[in-house]
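The residues making up each chain are set out below.
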Amino acid sequence: MAAETALRNVVLVHGGFVDGSGWQGVHEPLVDAGYNVSIVQNPTQSLAGDVAATLQVVAELDGPAVLVGHSYGGVVITEAGRDSRVSALVYVAAFAPDAGESVNSLIADPPPGAPVPPILPPKGGQLFLDREQFHASFAGDLPEAQARFMADSQVPWGVEALEGAVSEPAWRSKPSWYLVAADDRMIPPPAQRVMAERAGATVTEIPGSHSVYVSQPAAVVDMIRQATAA
């Protein structure tokens, strides 16, 4: 039983502007199915700090783990995933950088006609999304009240975290899966498809906003199960 459990470790890593509570809909069915699920509360102030926080969680597990990253969390798992205790990567509407790339470099040249995320000018090195535009840009397929709560409970995203560049991407040596959110207005779907293809990921595409991990947790759970069974 211990060996079986060790192969069912899942670590969920959130992105920018939000915290780990958004993973609840993914966490519960996985736990009910017998998975050992951990959620990283990233400080989101620097890539190095977030990688360290993730690896601290991984180090406490008994056996290998699958890392799951949403949005900026994809950058974190791309770097942290090189650890020998990581068996696979799952990207959920996430950045999947190559060596030397950061969030800043990946968003520098958006596809023509792509919506512009309503990121406010930095204050004290911290970034927030415009609350009035949060629903449409980040959580378009969630109820208005839920999107309003997410907007009002935003976590500041440090400018330094956006500038953090990946050294060597874990997807070069670890199997990866990618869930493309076809209605994403934060990371353009064409960019998601390019990153997924470049990483050689097993791809599933579904309708959904950038908050697809909240609005359609069953699709995320299904992909995680694929990664743990591979």
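In this text, all values refer to a predicted model and were calculated from it rather than measured experimentally.

Colleague: Kindly report on the side chain of D83, identifying the contributing residues and their values.
Modeller: Its place among the elements puts D83 in the loop between α4 (73-80) and β4 (86-92). Contacts of D83, omitting those with residues within four sequence positions, involve L55 and K174.

Colleague: Hey, could you go over the nonpolar core for me, with residue numbers and the actual values?
Modeller: Formed by 73 residues in total, the largest nonpolar core has its most connected members in V11, V68, V90 and I224. Looking at which element gives the most residues to this core, the answer is β4, with six residues.

Colleague: So what's going on with the packing of aromatic side chains? Which residues, and what values?
Modeller: One pass over the structure, following the stated rule, counts five aromatic pairs. Taking the centre distance of 4.9 Å and the plane angle of 90 degrees together, the rings of F17 and W157 count as edge-to-face. Taken as a pair, F17 in the loop between β1 (9-13) and α2 (24-32) and W157 in strand β6 (residues 157-158) lie far apart in primary sequence, 140 residues in all. Neither residue differs from the other here; F17 and W157 are each classed as buried. Each ring, one from Y72 and one from W157, has its centre 5.4 Å from the other, and the planes form 55 degrees; the classification is tilted. Placement of the pair is Y72 in the loop between β3 (65-70) and α4 and W157 in strand β6, with a sequence separation of 85 residues. Comparing Y72 with W157, the two get one shared label, buried. An aromatic cluster is built from F17, Y72 and W157, whose rings are joined through pairwise contacts. Its end group placed over the ring of Y35, R8 keeps NZ or CZ at 4.0 Å from the ring centre.

Cut-off values and rules
Residues numbered from 1 in each chain as written. Predicted model: local features only at pLDDT ≥ 70, side-chain atom pairs only at ≥ 80, totals over all residues. Heavy atoms only, no water. Helix = DSSP H or I, 4+ residues; strand = E, 2+ residues; numbered from the N terminus. Contact = heavy atoms within 4.5 Å. Core = buried A, V, L, I, M, F, W, Y, C linked by side-chain atoms within 4.5 Å. Buried < 20%, exposed > 50% of the residue type's maximum accessible area, 1.4 Å probe, protein only. Phe/Tyr/Trp six-rings, centres within 6.5 Å; stacked < 30°, edge-to-face > 60°. Lys NZ or Arg CZ within 6 Å of the ring centre and 35° of its normal.

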